[in-house]
Amino acid sequence: MKTRYAILMVALALGSCMFQEELSPADDDFRGNWDSDRYAIQIFRNGYGIVDIRNRGRCEGNVRIEGDRIIFRSETESSTIGRKAFHIDQRPMEDSNGVWFMILDGERLERL
């Protein structure tokens with residue numbers, strides 16, 4: 001029984017990697033490291049992302065940008081949060097001081 005469970009878990013982990021998609025060129029501005037008082041986010045071109053919610057947990061795995069939402073889905077056992085979705089209030093842009101920022105769920109995140 002334990003062997004079947006282990007094989008099933010490996011198959012699910014490998015299968016979830018097959019569904020990871022690269023970010024579209026229109027969403028390249030989202031790539032990079034972003035930080036705020038509440039969140040620390042890393043987004044990579046290959047569709048992989050990490051969101052750390054301070055004092056709450058972490059979601060590490062697939063990231064998708066769909067319309068006005070950005071969705072992180074866990075693909076690792078080390079993640080303490082299985083899924084985290086944000087509403088995109090402001091897509092990444094540069095402010096008058098040359099700082100790149102975006103606003104997710106009302107929270108301003110600045111690119112590091």
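Structural data are supplied above this passage.
Remember, predicted model here, so these are calculated numbers, not experimental data.

About the thresholds
- Residues numbered from 1 in each chain as written.
- Predicted model: local features only at pLDDT ≥ 70, side-chain atom pairs only at ≥ 80, totals over all residues.
- Heavy atoms only, no water.
- Helix = DSSP H or I, 4+ residues; strand = E, 2+ residues; numbered from the N terminus.
- Polar contact = N/O pair within 3.5 Å; in protein donor to acceptor, adjacent residues only side chain to side chain.
- Contact = heavy atoms within 4.5 Å.
- Buried < 20%, exposed > 50% of the residue type's maximum accessible area, 1.4 Å probe, protein only.
- Pairing = 2+ DSSP bridges.
- Phe/Tyr/Trp six-rings, centres within 6.5 Å; stacked < 30°, edge-to-face > 60°.
- Lys NZ or Arg CZ within 6 Å of the ring centre and 35° of its normal.

Q: In this structure, what is going on with the side chain of Glu60? I would like to understand it.
A: Mapped onto the fold, Glu60 is located in strand β4 (residues 57–66). In terms of polar contacts, Glu60 uses its side chain to reach the side chain of Tyr48, at 2.5 Å. Look past the residues within four positions of Glu60 in its chain and what remains in contact with it is Tyr48, Gly49, Ile50, Arg73, Ser74, Glu75, Thr76, Ser78 and Ser79.

Q: Looking at this structure, how should I read the environment of Glu107?
A: With respect to the secondary-structure elements, Glu107 resides in strand β8 (residues 107–111). Judged by relative accessible area, Glu107 falls into the buried class, the value being 16%. Separated by 18 residues in sequence, Glu107 and Asp89 place their C-alpha atoms 8.8 Å apart. Discounting chain neighbours no more than four positions away, the residues touching Glu107 are Ser36, Asp37, Arg38, Tyr39 and Met102. Among the polar contacts made by the side chain of Glu107, one reaches the side chain of Ser36 at a distance of 3.1 Å.

Q: Sorry if this is basic, but what is going on with the pairing of β8 here?
A: Look at any regular strand and the pattern is simple: side chains alternate between the two faces of the sheet. In this structure, strand β1 (residues 32–35) lies alongside β8, joined through two bridges in antiparallel fashion. The residue of β8 that forms the bridge with Asp35 is Glu110. Sheet topology note: the strand β7 (residues 100–104)/β8 ladder contains four bridges and is antiparallel. Among the inter-strand pairings, Met102 is bridged to a residue of β8, identified as Leu109. Hairpin connection from β7 to β8: two residues lie between these consecutive antiparallel strands, with Asp105 at a positive phi of about 50 degrees.

Q: Looking at this structure, I do not really get the packing of aromatic side chains. What am I missing?
A: Within a pair of aromatic rings, the relevant descriptors are the distance that separates the centres and the angle that separates the planes. Using the criterion set out here, one finds three aromatic pairs in the structure. Geometrically, the ring pair formed by Phe44 and Tyr48 is tilted, given 6.2 Å between the ring centres and 40 degrees between the ring planes. Its relative accessible area of 36% is what places Phe44 among the partly exposed residues. For the pair Phe72 and Phe86, a centre-to-centre distance of 6.2 Å together with 85 degrees between the ring planes defines the contact as edge-to-face. Of this pair, Phe72 sits in strand β5 (residues 69–74) while Phe86 sits in strand β6 (residues 83–94), placing them 14 residues apart in sequence. Residue classification places Phe72 among the buried positions, given a relative accessible area of 1%. Clustering of aromatic rings is evident, with ring pairs tying together Tyr39, Phe72 and Phe86. The ring of Phe86 has Lys84 lying over it, and the distance from NZ or CZ to the ring centre is 4.9 Å. Here the guanidinium or amino end of Arg108 rests over the ring plane of Phe101, the centre of that ring lying 4.1 Å away.

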